[in-house]
Structure formats: structure tokens, C-alpha cells
Amino acid sequence: MSNNRTKGEDIIAAANSARWELGTNYHDSLIESIYGEASRISRNTVKQKGDKQAYSFDLKIDKIVTSRWLGFPIMFILLALVFWITVSGANYPSGLLASLLIDTLHPMLKDLATTIHMPWWLSGVLIDGAYLSMAWVIAVMLPPMAIFFPIFTLLEDLGYLPRVAFNMDNLFRKAGAHGKQALTMSMGFGCNAAGVVAARVIDSPRERLIAIITNNFSLCNGRWPTQILIATIFIGSLVPAKIAGLVSAGAVVTVALLGIFFSLAVSWGLSKTVLKGEASSFSLELPPYRPPQVLQTLYTSLIDRTMIVLWRAVVFAVPAGIIIWLVANIHVGDLSLAEYFIEWSNPFALVFGLNGVILLAYIIAIPANEIVIPTVLMLTVLSTGMSDIGAGSGVMFETDSIGNTASILHAGGWTLLTGINLMLFSLLHNPCSTTIMTIYKETRSVKWTLVSTFLPILLGLIVTFFTTQVWYLFHG
Amino acid sequence: MILLQSSPGTSLLAGLGILLFIIWLFWPAKGGIAWISRLIQNNKRALMEDALKFIFDCEYKQVYCDVNSVAGNLNINMDKAGRLLLRLASLELIVWNRQAIALTDAGRSYALRIVRIHRIWERYLADQTGIDPAKWHGEADRIEHYVTEQETEKLAAQLGNPVFDPHGDPIPTAEGELPIAKGVSLSSLHEGEFGRITHLEDEPKSIYEQLVVLGLYPGMEVYITDVDDKKISFVANGDECVLTPLFAGYITVEKITAAPVQKQKYPVLSSLKLGEEAEVIGISPLCRGLQRRRLMDLGIVPGSTISAVMRSPSGDPTGYRFLGTTIGIRKQHADLIFIKHPLSKEHGYSA
């Protein structure tokens, strides 16, 4: 046999058998000798000065921010501060954008459509549907993100965020996740799509997937207003007016904490089951502190994060707006498509303590959680036939006061149970289309995108089902 | 949808039932989906390939092989084993010489192909996934029957054409070459001798799992301290181990002379107190795959100086400083990095 082989094949065969002789750990020896040689060269040629001093200053900061007593309080105060600045700072520009885009520009466009004799259905689809949905998304999404992302990026640039991951890692390790998931989770409170992108900082494949799939359990910016509104209407009204604010705020925080609980529980479940076989490693770089590069940070966080997320939301908001208008305006017989769906799905929805309006709103308002409440209001008015309220069928709106919203919802048959279930379902349902698309772009996997989309819905249905049935058991 | 009209009590029960069913369906290893996929894969070809692999293994180790041992190994009854072997014989993959079974050339090359696929996939599972060491063998057993050779060759190229599986078994080349088995059983070593573990037998599974639990792995150096009829005692990585001769028989070692075997336990990185400095001796082979590469890439290699500088307020991980950077490492990994305290001695600190 060996006679037929060429010289080259002989050499390869000899090399192969030599590799068997070498044993199993020659790769390690190779790396060791490379490092050994590199450090010998650097010892002989590189002189270092000043580093020791700079580092000892870093160490002093680290002693404080990772200390047993101060580490966690500093962290919580800083994060609370970031959220407070975001929420309070976004109020004014959001109002300004809304009055400009929705209250001023929208009627102007409608007037223009009338003067040029545009058919009613065309102006409905384009202006009430596509334009309004886009305007809404921009008005409510842009300001909080434009404030939240730069502050977050500044903290990251400063070198503080890796210390948060360092402090929180023990908890996340027990859940089978990476400490940096604390960061992607916090980012998710701003925007889930951004949180999913932020999971790039996790270099271990398994933990990165876990962070991406569970990011949706962080109550994002678009869902906070829904939570606050519903908590005020249905839970705050249970107690005397003096403590109503406190109680409803408590309810919202409870939902957010429930989200963190689900995030950790699902992380644990995933790491023990479907993601068990994925490769995993842990190391956490703790870079030196440095003065943040403010301008560059502003630029990158506004362009890379805010604008990209906003653009994706707008891309989805336009077709969704058209669909929202169409389902409310295309009639088959006496009823619109929306009413058909609402009536058909009502019995099913009631098992989960929700109603057909909520289900339809969550399906057609998929581009952004921000437009769920305007869609719910529009659909409620449509399906109950309150023709004197709102801006016409298919036109999303919000009322001037919480009292008006409450009376619309009560007229739509909402109870305390509906309110609680809506809060739960708002936490546990599919991510918005922007986030779903981002998950696909980040994982390049249809499978994990589907899991991230349907797992929260499944959990949401389970949780609302048992809440409802237990409620009926005691109040039935 | 009866669920819609029934009382809360009944729908609660029905809901619980559905929930339990979903949980059962997705339960790992024992759930409905796992059960169905197992059912689909347990076909005739898989059984034939397993039989060929086993006969080849006997041949390689020069152990006698008959219908009994085949039935035992494949966990099927004698009748079924007999029919299986007749079929293999009719395909001219084996010859039946009275009781003893031997492979034909065609059978041997078929078996070698399967063995190559099996071991390459084991290597892959060990290096590139997070699957438990005790499950590598079973998982590769499952995979080997449905992957194609092309897929496996692609994988081998991607892994850098490995020549050993994670148990220390040589991987046959694509041309079907395999080095002659060497090394001796651990139970044949005498007191005071040194050896290096080259192979842990991965079957039967129960014994292999025990060996893994003891922390034994190929490449480990051992020093025999005591041997008698009932037990064999040795020091491995500074840990005293005692095995029965039965268990020791599943470990293959090569004798080494004048070995630098460590007779006492190495201190590990996690034992370093804050502010202390040490020199890295190496990373335990128990730390594998991605994690091992990551640590080595960061510069945890023999000879580097490392110090513990900060600890998370929750106790884990710890920040270590080496090569001018600070990296947080979890205790579970710091437990696998061996160190010595050269600097404390030089500077006269108490170690």
C-alpha cells in the first residue's frame, strides 16, 4: 500500500502519527511559550512609569463602589437617578412634540386633504392611519431615549457600569446568567431593542442568548405610562385619595419587580434546559476609570442607539397605522373588521380576565407599546358605539384627563380584574416589532427570535389565566 | 371550548392540567419531545453501527467477543443480538468463527468511520459546548448515526483536525489509520511509581461518571502511594485518591520516570487574599473549551504574576490584576487555576 503513496502523502502520514505521540496538551504548551517569549521581550525592552500611581487612585474608587456596605446603595441611587432624570426630563419635550405633531400638524394635514378634495378613505389611511401612528411613536419614544441613552453611555464610558456588573454577578450567576445582564436589563428599562443590542457586551454565547431572550421582561419606557395610567385608574381608586398616588406607584413598582423576577427565573430555566449545551465562559473586564468623552458619547448614543431604534419603530409604525385604520373602517355587513374580531375573541379573552379590545390592540399595536393605550381607547369607543367621544373610527386618541379615560374604560366593561390583568399582560407579552427585528439581527436565528416572541406571551397567558380563575374562585 | 363556560374551579383544574402537560412536553431528557425524538432515532442502522463499533473496540483492546458480550453491550436480548449479527455477517461486515466474532476489512473500515465520527463529535462537545462531561459519550452516540462524513470532516477541520478525543482515545484518520494501543492499566502500577493518565474508559457509563466525579482526566500525573488486593491509593494533583482494582482497571496510564509529579496539593487562585500576589502555575484541565481559551487569551499562563485586588460585595466574583489590567473571575474558575507564592517568600511575608 505504501508503495502507491507519493512522498507528500508519506510526510502527512508521518506527521499524523507524530501528533499522536505529542499527546493532548501541546496546544496549551504552544500558547504558554508564546506568552513566555512575549513577556521576556517586553521585560527587556519596555519601561513603565506612572501606571502604579494612576492605578492606586482607581483602586480607591473601586474600594468604595464595590464595598460591602456602600456598593449596592450607590448603585441603586445612581440608577434611580438616571430613571428620574429620564422620566421628568422627557415630559416637557414629549408634550411639545405631541402638541406639534398630533394637535397642530395632524388637523392641518386633514384640512389640506379636504381642500385638495382627497377621497375620505385615502386621507384616512394616509393621515389618520400612517401619519398619526408615526407621529405618536416619535413623540413618545424620542425624548426619553434621547435622554436615557446618553446618560447611560456616559456611565459606561466613565467605567462605572462594569462595576455594577461586578457587584450583581453573584445573583446572575445563580440564575445561570452573566453579571453584565444587569446592564442589559437596566438598558431594557429604557428600551428593549437597545437592551438586546447591548447584550453584545456579553462575549459568552449562552449567557448572551439568555440576556437577549429575557430582556423583554424589563418594563420598557413605552410600558411605564400604561402601567401608571391603569394603576391610577383601577388600583389608586381603591384607597383614600391621600395615599392613592403612593399605592398606585407601589403597584407599578411591584409589576417592574415581578419583571425582574421573571427575568431571573426564565434565565435560570433556559440555562438549565434548552440552552444547556451552548458554550459558556466568564470573565469581566474592569477597565480603569477615565473622564468620559462627552461629545463623542452624545454623538454615538444619539446616532447609533436613539436614531436606529427610532427609525426601526417608524418603519413598523407606518404599516401598523394603516392596518389600525383599515380594521376600524372596513365594514362587512354592519360591523367593522375590528368589531368582528372583538366579538369573536371576547369569550376567549374573558378566560384570561382580558377582553377582545385588549387582544386586538396588542396585535395591531405591535410596532410600539406606546400606542397600545390610544388604540385601546379608539377600539373601546368604536365597539361600544360612543360616537361623541374620540376623533372618529380608526383615529387613535388620548383623553385630556385620567377621569375621562377611566369613564371610557368603565363604559367598555373594565373591572379591577381587567386592570390588573392588563398590567400583567403589558409586562408579559411579545416584544414590540422593533425589538423582535433587533433580536433577529443580533442572533441571526429564526428559532431564538420565535422563542423570544412567544415565550413571554405563553407566560402572560398562564399568569393572567390563573390570576383570573383564582379571582373568580373567591369573588365568583 | 368547554373551558369558557365552566366554573372557576373546573377551569382552574383544566388550566393546571394543560400547564402540567406543557411542562412535561418540554421537560429536558425525560419530556414528551425528547421521548419522541429518541423513538425516531432508535432504528436498525443505529443498532448495527453500535454493534460494529463494539466489535472493533474488542479487537483494538484484544478482548474476546461473542454474541453474549454484544447483547450485553447494546443492552438487547440474545435473540435480537443473534439476528443482528447474522445480518452483519450476510452483509460481509463480520465473520463468525465458531463463537468468536471478527471484523472483515469492510467491517473494520465501516467501524473506523463511525469511531472517527464519534470521537470528533466528542471533541467538539468538550471544546465548544457547555455539555456535561458525563454526557459527551451518550450525545456523540446519538449524533454519530445521522451526521454525514462531510459534515464531520468540516467540523474536524474547524477544530484543527484533533487527534485525541476528550477521554484520551486516539481519533482514527480519515484514511482509517489508528496508532497501536499502548499504556498499561492503572491497577498494574506498583507503589512508588509515577504515571500519566492517557485514557479513561467511557463505558460503562456508571463507572465513567464516578471517575469524572473524582476529578480524574487524561493528562493528569499520578504517584502511587499504596497498592494491595482491595485498593490502590495514589496522589493526583495533590489529592489522595483511593480506587478499587475494578475501577482502576478502567484507567489507562503510561509510566513516566523521574516525574515532576506534585506530591502535595497546589494552592488555587481563589485562596489568594485581597492584596496578595502570586505566580500562576497553570490551569487545571478540568477547565476546558471556551473558558480555558478565554483565560489563556487574557494572559493566565504559567509564569504570569497575579494579584487579588477587589471582591464583589456579594462575595463572588473577585477582581484580579495581571498584565496591567483588572479582570473579574468567578470563584468556580479561580478554583481551577493553580498558583504558588514566590513573591511572599522573597519579600519575607508569612505565606
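Not measured: the values here are computed from a predicted model. (Residues numbered from 1 in each chain as written. Chains lettered and ligands numbered in written order. Predicted model: local features only at pLDDT ≥ 70, side-chain atom pairs only at ≥ 80, totals over all residues. Heavy atoms only, no water.)

A.B. asks: Got a minute to help me understand the overall build of chain A in this structure?
C.D. replies: What chain A contains, in helices and strands, is 19 helices and three strands. If one aligns the C-alpha atoms of chain A with their principal axes, the spans along those axes are about 90 × 65 × 60 Å. Burial analysis of chain A (476 residues in total) assigns 49% to the buried set. Only carbon and sulfur atoms are counted for the fraction: they give 70% of the accessible area of chain A, which is about 22500 Å². Each charge sign in chain A was given a centre, from 29 positive and 28 negative side chains, and these centres are 13 Å apart. (Helix = DSSP H or I, 4+ residues; strand = E, 2+ residues; numbered from the N terminus. Buried < 20%, exposed > 50% of the residue type's maximum accessible area, 1.4 Å probe, protein only. Areas by Shrake-Rupley, 256 points an atom, 1.4 Å probe, with all protein chains shown as cover. Lys, Arg positive; Asp, Glu negative; His and termini not counted. Charge placed at Lys NZ, Arg CZ, Asp CG, Glu CD.)

A.B. asks: Help me understand the packing of aromatic side chains in this model?
C.D. replies: Remark: the centre distance and the inter-plane angle together describe each pair of aromatic rings, the angle taken between the planes. Applying the stated criterion across every chain, the model contains 18 aromatic pairs over all chains. Relative to Tyr124 of chain B, the ring of Trp121 of chain B has its centre 5.3 Å away and its plane inclined at 75 degrees; by these criteria the two rings are edge-to-face. One end of the pair, Trp121 of chain B, and the other, Tyr124 of chain B, are both in helix 6 (residues 105-128), three residues apart, so they sit about a helical turn from each other. Classification of Tyr124 of chain B by relative accessible area gives partly exposed; the value is 22%. Feature note: the residues Phe83, Phe148, Phe149, Phe152, Phe189 and Trp224 of chain A constitute an aromatic cluster, connected by ring pairs. (Phe/Tyr/Trp six-rings, centres within 6.5 Å; stacked < 30°, edge-to-face > 60°.)

A.B. asks: Any chance you could explain the interface of chain B and chain A here in plain terms?
C.D. replies: Contacts between the two partners involve 59 residues from chain B, matched on the other side by 55 residues from chain A. Of the roughly 4800 Å² buried where chain B meets chain A, counting both sides, 64% is carbon and sulfur surface. Among the residues of chain B in contact with chain A, Met310, Pro313 and Arg330 of chain B are the three that bury the most area, contributing 15% of the side total. Taken together, the connections running from chain B to chain A amount to four salt bridges. (Contact = heavy atoms within 4.5 Å. Buried area = accessible area lost by both parts, 1.4 Å probe. Salt bridge = Lys/Arg side-chain N within 4 Å of Asp/Glu carboxyl O.)

A.B. asks: Just checking my understanding: could you explain the sheet that holds strand 9 (residues 277-283) of chain B for this structure?
C.D. replies: Sheet strands associate in pairs through backbone hydrogen bonding, adopting either a parallel or an antiparallel arrangement. Overall, antiparallel pairing links the six strands, which are arranged 1(A)-12(B)-11(B)-10(B)-9(B)-13(B) in an open sheet. Sheet topology places strand 1 (284-285) of chain A together with strand 13 (337-340) of chain B at the edges, where each strand pairs with a single neighbour. As judged from the four bridges shared by strand 9 of chain B and strand 13 of chain B, these two strands associate in the antiparallel manner. Paired with Ile283 of chain B across the bridge in strand 13 of chain B is Ile337 of chain B. (Pairing = 2+ DSSP bridges.)

A.B. asks: Could you clarify how one ought to interpret the packing of helix 3 (residues 44-61) of chain B against helix 5 (residues 78-90) of chain B in this entry?
C.D. replies: Working note: a packed helix pair is described by the angle between its axes plus the distance between those axes. Residue and element names in this part refer to chain B. At their nearest, the axes of helix 3 and helix 5 sit 11 Å apart, and the two run at 85 degrees to each other. Between helix 3 and helix 5, the angle is such that the two are roughly perpendicular. Contacts between helix 3 and helix 5 involve Lys44, Leu47, Met48, Ala51, Leu52 and Ile55 on the former and, on the latter, Lys80, Leu84, Leu85, Arg87 and Leu88. Each residue belonging to the contact of helix 3 with helix 5 can be placed in one class, and the counts come to eight nonpolar, no polar and three charged. (Axes fitted to C-alpha atoms, helices over the stretch in contact; angles between N-to-C directions. Parallel < 35°, antiparallel > 145°, perpendicular 65-115°, else oblique. Nonpolar A, V, L, I, M, F, W, Y, C, P; charged D, E, K, R; others polar.)

A.B. asks: Before we go on, may I ask you to explain the nonpolar core in this structure?
C.D. replies: Within soluble globular proteins, side chains that are nonpolar generally end up buried alongside one another. Counting 113 residues, the largest nonpolar core has Ile230, Leu379, Leu409, Trp414 and Met423 of chain A as its most contacted members. No other element matches helix 5 (residues 120-158) of chain A, which puts 12 residues into this core. Counting the residues that make up this core, at least three belong to each of domain 2 (71-272) and domain 3 (312-475) of chain A. In this structure, Cys65, Leu74, Ile114 and Val115 of chain B belong to the second largest nonpolar core, which totals 27 residues. (Core = buried A, V, L, I, M, F, W, Y, C linked by side-chain atoms within 4.5 Å. Domains from an automatic or database assignment.)

A.B. asks: Just checking my understanding: could you explain helix 6 (residues 161-174) of chain A for this structure?
C.D. replies: Along an α-helix, residues three or four apart share an orientation, since each turn contains 3.6 residues. Residue and element names in this part refer to chain A. Compared with the 20 Å implied by 1.5 Å per residue over 14 residues, the 20 Å span of helix 6 between its first and last C-alpha is a close match. Along helix 6, 11 of the 14 residues are buried, which leaves the element largely enclosed by surrounding structure. Looking one or two places after helix 6, you find Gly176, whose phi comes out positive at around 75 degrees. (Expected span 1.5 Å × (residues − 1).)

A.B. asks: Teacher, can you tell me more about the domain arrangement of chain B here?
C.D. replies: A common measure of how large an interface is: the accessible area buried when the components associate. Residues and elements named next belong to chain B. Once the domains are mapped, chain B shows domain 1 (30-180), domain 2 (184-256) and domain 3 (269-346). Measuring from the centre of the C-alpha atoms in domain 1 to the corresponding centre in domain 2 gives 25 Å. If you look at the interface, domain 1 gives 13 residues, while domain 2 gives 11 residues. Summed over the three residues of domain 1 that lose the most area to domain 2, namely Ala134, His137 and His167, the buried surface amounts to 54% of that side. Counting across the interface, domain 1 meets domain 2 through zero salt bridges. Put simply, the parts of the chain that give the side of domain 1 that touches domain 2 at least two residues each are helix 3 and helix 7 (136-143).

A.B. asks: Explain a positive patch on the surface here, please?
C.D. replies: Taken together, the side chains of Lys272 and Lys276 of chain A together with Lys30 and Lys135 of chain B present a region of like positive charge at the surface. By secondary structure assignment, the location of Lys276 of chain A is in the loop between helix 11 (241-272) and strand 1. Residue Lys276 of chain A is classed as partly exposed on the basis of its relative accessible area, which comes to 37%. (Patch = residues over 30% accessible without salt bridge, like charges linked within 9 Å, V, L, I, M, F, W, Y side chains within 5 Å.)

A.B. asks: Honestly, the packing of helix 10 (residues 224-235) of chain A against helix 17 (residues 416-427) of chain A in this entry has me stumped. Any pointers?
C.D. replies: Residues and elements named next belong to chain A. Where helix 10 meets helix 17, the axes come as close as 9 Å, and the angle between the chain directions of the two elements is 165 degrees. When the axis of helix 10 is compared with that of helix 17, the two are roughly antiparallel. The crossing of helix 10 and helix 17 is left-handed. Counted together, Thr226, Gln227, Ile230, Ala231, Phe234 and Ile235 of helix 10 and Leu416, Gly419, Ile420, Leu422, Met423, Ser426 and Leu427 of helix 17 form the full contact between these two elements. Of the residues belonging to the contact of helix 10 with helix 17, the class tally is nine nonpolar, four polar and no charged. (Left-handed = near helix turned anticlockwise from the far one by under 90°.)

A.B. asks: How do you make sense of the sheet that holds strand 3 (residues 184-185) of chain B when you look at a structure like this?
C.D. replies: Residues and elements named next belong to chain B. Read across the open sheet, the six strands follow the order 3-8-4-5-6-7; overall the sheet is antiparallel. Every interior strand has two partners, whereas the edge strands, strand 3 and strand 7 (239-243), have only one. Taken together, the six bridges between strand 4 (residues 194-200) and strand 8 (residues 251-256) define a ladder with antiparallel strand orientation. Counterpart to Leu200 in the pairing with strand 8 is Ile251.

A.B. asks: What am I meant to see in the confidence of the model for chain B here?
C.D. replies: Should pLDDT be low for a region, the predicted coordinates there are not to be read in detail. Averaged over every residue, the pLDDT of chain B is 81; residues scoring 70 or more account for 91%. Taken as a whole, residues 344-351 of chain B scores under 50 in pLDDT and shows two contacts with residues more than four places along the chain or in a different chain. (pLDDT = per-residue confidence, 0-100.)

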